[in-house]
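Examining the three-dimensional arrangement
The lines below spell out each chain.
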Amino acid sequence: NHLFAFSDDVEMGTLGTVAINLDSKRKPVTKGNREAGEYPYYGASGIVDYVSDFIFDGDYLLVSEDGANLVARVTPIAFSASGKIWVNNHAHVLKFETYVERKFIEYYLNMIDLSRFISTAAQPKLTQDNLNKIPVPVPPIAEQKRIVAILDRFDALCNDLGSGLPGEIEARRKQYEYYRDKLLTFEEATA
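Let me begin by describing the structure that accompanies this report. (Residues numbered from 1 in each chain as written. Predicted model: local features only at pLDDT ≥ 70, side-chain atom pairs only at ≥ 80, totals over all residues. Heavy atoms only, no water.)

All right, on to the overall build of the protein then. Of regular secondary structure, the protein possesses 6 helices and 8 strands. Each helix (α) and strand (β) of the protein, taken in turn from the N terminus, gives the series β-α-β-β-β-β-α-β-β-α-α-β-α-α. By the burial criterion, 41% of the 191 residues in the protein qualify as buried. Put simply, 73% of the contacts in the protein that link residues at least 6 apart link residues at least 24 apart. Accessible area for the protein stands at about 10400 Å²; split by element, carbon and sulfur atoms hold 53% of it. (Helix = DSSP H or I, 4+ residues; strand = E, 2+ residues; numbered from the N terminus. Buried < 20%, exposed > 50% of the residue type's maximum accessible area, 1.4 Å probe, protein only. Contact = heavy atoms within 4.5 Å. Areas by Shrake-Rupley, 256 points an atom, 1.4 Å probe, with all protein chains shown as cover.)

Laid out in structure tokens, this is it:
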């Protein structure tokens, strides 16, 4: 399908060149020292608590830094977080210029095999250094916008419980995975 075909000359970059890393602003707070509140407190796999203060305010892509899920991939390892939030030191914090660039990278990271970037000493870990080295395609913004619009529609269908019977949802999920893989498959440029 020509709609999903990429030319072989799609520019490749690294995550470190397409995103601003804000890891240095993260602050872990032990459970006993957290004050309950309205702001989401994020860890490696999403919200782990709600606290009375925030350290980030905006739209971010959080990427699991450690934990078994980096390998098991039971839940997405890259997920968007918006608004006033607190992030501990188990999730990398990435900032992008636009929604489209953030969502494009989110979909891409959740699709590709990252095992060669994950160290498995005591437990699986994706260091900031390795995170920054992950190769990512950088198609023109119009192409990213087109891909994100399609995947967002499928994502909404799959996750909106009111929009279909379980069989229909499962069929849409398979369709989404098919298109995601087609849309986000790029030939890595060989140096």
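By secondary structure assignment, the location of arginine 180 is in helix 6 (residues 166–183). Given a relative accessible area of 16%, arginine 180 falls into the buried group. Discounting residues that sit within four places of it in the chain, arginine 180 has contacts with Tyr107, Met111 and Leu151.

Right, let's talk about the nonpolar core for a bit. Ranked by size, the top nonpolar core spans 34 residues in total, and within it Leu109, Ile134 and Leu184 carry the most contacts. Aside from chain neighbours lying at most four places away, what touches isoleucine 134 is Gly13, Thr14, Leu15, Leu109, Ile112, Leu114, Phe117 and Leu126. In this structure, Leu22, Tyr42, Ala81 and Ala91 belong to the second largest nonpolar core, which totals 11 residues. (Core = buried A, V, L, I, M, F, W, Y, C linked by side-chain atoms within 4.5 Å.)

Strand pairs in the sheet, formed through backbone hydrogen bonds, run parallel or antiparallel to each other. Strand order across the open sheet formed by 6 strands is 2-7-5-6-3-4, with mixed pairing between neighbours. The two strands at the open ends of the sheet, each matched to only one other strand, are strand 2 (20–21) and strand 4 (46–51). Pairing of strand 3 (residues 36–43) with strand 4 involves 6 bridges; the strand directions are antiparallel. Bridging across to strand 4, glycine 43 finds its partner in glycine 46. Packing of helix 3 (residues 99–111) onto the sheet brings it into contact with strand 5 (56–64) and strand 6 (78–87), and relative to strand 6 it is tilted by some 125°. (Pairing = 2+ DSSP bridges. Axes fitted to C-alpha atoms, helices over the stretch in contact; angles between N-to-C directions.)

Moving on, we get to the packing of aromatic side chains. Overall, the coordinates contain 6 aromatic pairs when judged by the stated rule. Seen in terms of ring centroids, tyrosine 42 and phenylalanine 79 are 6.1 Å apart; in terms of plane orientation they differ by 25°. Their pairing is stacked. Here phenylalanine 79 lies in strand 6 and tyrosine 42 lies in strand 3, a separation of 37 residues in the sequence. Phenylalanine 79 carries the same exposure label as tyrosine 42, and that label is buried. Here the aromatic residues Phe154, Tyr178 and Tyr179 are joined through ring pairs into a cluster of three or more. A cation over a ring is seen here: lysine 84 above phenylalanine 54, with NZ or CZ 5.5 Å from the ring centre. One residue, lysine 95, lies across the ring of tyrosine 60, its end atom 5.0 Å from the ring centre. (Phe/Tyr/Trp six-rings, centres within 6.5 Å; stacked < 30°, edge-to-face > 60°. Lys NZ or Arg CZ within 6 Å of the ring centre and 35° of its normal.)

In the sheet, strand 3 pairs with strand 6 via 2 bridges, with the strands oriented parallel. Residue tyrosine 42 lies in a different strand from strand 6, and its bridge partner there is valine 87. Sheet topology note: the strand 5/strand 6 ladder contains 8 bridges and is antiparallel. Considered in strand 6, the bridge of tyrosine 60 is made with alanine 81.

Shape descriptors only; they carry no functional weight alone.
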